[in-house]
Amino acid sequence: MRSVLDERQGGARPLYEMLAYHLGLDQTEGPRGKRMRPLLGLLAYEALIGNHDDGLPAAAAVELGHNFSLVHDDIEDSDRERRHRPTLWAIWGVPMAINAGDALFALSRLALYRLMDSEKYEAQKLLDVMRVYDETCLALCEGQYLDISFERRTDVTVDEYLEMISKKTAALIGASIETSAMMGSDDQDLIDSYHRLGRDLGMAFQIADDLKGSFWASAESGKAAAGDIRKRKKTYPVVWAMRNAAAADVSRLIAIFQPGIRATDGSGPPDGDTPMSEELTEEVLEILERSGAREATEQEARRYRDLALAEARSLPVPEEAVIGLRTLVESMITA
């Protein structure tokens, strides 16, 4: 990623310094995100080829593409902090941040084109990989559309929520592993197995993250106490409770999460951007706990985790070759 950014000079050079800041490449140490998507891809490629060097352009493309969505996501969610630092729009403003996100998308495509520098891949293979990448970026946009549309709804179903995260989160994780398999093999059954592994891993990862964002409060999770609830996010436990809690609790959740609710007691003029008050947050947590939403969320995360682990353990690849990938999968979804 450094090489992709550093080759751009001229009067617009400060743009690439903005991007380096967002990616955490402006300093030798510091927050740079999990980078699990490119790491999963590289481990999948290494399991098939024996080394990861020729897979680096695709890994860089995946991470740059992921970060283009994060820059836009921060603007759309009005988030002023990411990785314990101010977000791009909070420093440089919304117009500059939108442009920076667009630049990251373009750079992700240019990183992918570097695969053409290798003589390992036929032209059709590269076109197929690029098509998967472009379809995945479109899925990210579809997932974000659904996520934003849910903000003004209190009738979101669990199936609708699962569709949203399958596009917004699972699609890119699945694609990072699938395209690595495409570059390392022509066996369609094997490629499909890698895709299912990534997809189910992504679903488990997001639902487990919903659990952390609603109930956990620790430095390890990087989440504030009930941070997602305070922001009125309709994550899995909230959506599940709105469909399955007792009638009185469902009515109360709908009232609390109604668009434009005031932060204090649910009355008064709209103030949708105001974080939920301590009292309302505690009330929502009590409803989630007594409705069984925590247990339902844990069960769903485990279901997808078990599917991903089964795929990881049944990959038709020698045990010694795939141990790194399996270890990472298991470490990501042990909860």
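Residues numbered from 1 in each chain as written. Predicted model: local features only at pLDDT ≥ 70, side-chain atom pairs only at ≥ 80, totals over all residues. Heavy atoms only, no water.

(A) Representation of the packing of helix α13 (residues 278–291) against helix α14 (residues 293–314) in the model. Between α13 and α14, the shortest axis-to-axis distance is 5 Å and the interhelical angle comes to 65°. One element, α13, and the other, α14, form an angle in the roughly perpendicular class. Contacts between α13 and α14 pair Leu288, Glu289 and Ser291 from the former with Ala293, Arg294 and Glu295 from the latter. Of the residues in the contact of α13 with α14, the class split is 2 nonpolar, 1 polar and 3 charged. (Axes fitted to C-alpha atoms, helices over the stretch in contact; angles between N-to-C directions. Helix = DSSP H or I, 4+ residues; strand = E, 2+ residues; numbered from the N terminus. Parallel < 35°, antiparallel > 145°, perpendicular 65-115°, else oblique. Contact = heavy atoms within 4.5 Å. Nonpolar A, V, L, I, M, F, W, Y, C, P; charged D, E, K, R; others polar.)

(B) A look at the environment of Glu283. When you line up the elements, Glu283 lands in helix α13. Residue classification places Glu283 among the partly exposed residues on the basis of a relative accessible area of 24%. For the pair formed by Glu283 and Arg252, sequence separation is 31 residues and the distance between their alpha carbons is 9.3 Å. Sequence-distant contacts of Glu283, defined by excluding residues within four places in its chain, comprise Arg252 and Ile256. (Buried < 20%, exposed > 50% of the residue type's maximum accessible area, 1.4 Å probe, protein only.)

(C) Broad picture of the pattern of salt bridges. The full count for this structure, using the stated rule, is 20 salt bridges. Linking Arg131 and Glu135 is a salt bridge whose minimum nitrogen-to-oxygen distance equals 3.0 Å. Of the two residues, Arg131 and Glu135 are both situated in helix α7 (residues 123–150); the distance of 4 residues between them amounts to about one turn of the helix. Glu135 sits in the partly exposed class, given a relative accessible area of 45%. A salt bridge links Arg294 to Glu289; the shortest N-O distance between them is 2.6 Å. Overall, Glu289 belongs to the partly exposed group, its relative accessible area being 33%. Put simply, Asp73, Asp147 and Lys168 are held in one network by salt bridges that share partners. (Salt bridge = Lys/Arg side-chain N within 4 Å of Asp/Glu carboxyl O.)

(D) Region of interest: α14. The first and last C-alpha atoms of α14 sit 32 Å apart over 22 residues, in line with the 32 Å expected at 1.5 Å per residue. Turning to α14, its buried residues number three or more, namely Ala293, Ala296, Thr297, Glu300, Ala301, Tyr304, Arg305, Ala308, Leu309, Glu311 and Ala312. (Expected span 1.5 Å × (residues − 1).)

(E) The arrangement of helix α2 (residues 13–23) in detail. Of all 11 residues in α2, 9 are buried; the element is thus mostly enclosed. Buried residues of α2: Arg13, Leu15, Tyr16, Met18, Leu19, Ala20, Tyr21, His22 and Leu23, and no others. Lining the buried residues of α2 we find α1 (2–6), α4 (56–77), β1 (81–82), β2 (85–86), α5 (88–92) and α6 (94–113). At the exit of α2 stands Gly24, carrying a positive phi of roughly 80°.

(F) Seen up close, the nonpolar core. Of all hydrophobic cores here, the largest spans 61 residues; its most connected members are Tyr194 and Leu325. For Tyr194, the residues in contact, after removing those within four places along its chain, are Ala44, Ala47, Leu48, Ile177, Ala181, Leu315, Val317 and Leu325. Residues Tyr161, Ala204, Val250 and Ala301 belong to the second largest nonpolar core, which totals 38 residues. (Core = buried A, V, L, I, M, F, W, Y, C linked by side-chain atoms within 4.5 Å.)

(G) Inspection of the side chain of Thr169 at higher detail. Along the polypeptide, Thr169 turns up in helix α8 (residues 158–184). Engagement of the side chain of Thr169 in a polar contact is seen with the side chain of Gln206, the distance being 2.7 Å. (Polar contact = N/O pair within 3.5 Å; in protein donor to acceptor, adjacent residues only side chain to side chain.)

(H) Expanded view of the confidence of the model for the protein. This prediction gives the protein a mean pLDDT of 86; 91% of its residues lie at or above 70. For residues 218–224, every residue scores under 50 in pLDDT, and the model assigns this stretch 10 contacts once sequence neighbours within four places are set aside. Here residues 261–272 scores under 50 on pLDDT; set against residues more than four positions off or in separate chains, the count is 26 contacts. (pLDDT = per-residue confidence, 0-100.)

(I) The arrangement of a nonpolar patch on the surface in detail. On the surface, Ile91, Trp92 and Met96 cluster together to form a nonpolar patch covering roughly 290 Å² of accessible area. For Ile91, a relative accessible area of 42% translates into the label partly exposed. (Patch = residues over 30% accessible without salt bridge, like charges linked within 9 Å, V, L, I, M, F, W, Y side chains within 5 Å. Areas by Shrake-Rupley, 256 points an atom, 1.4 Å probe, with all protein chains shown as cover.)

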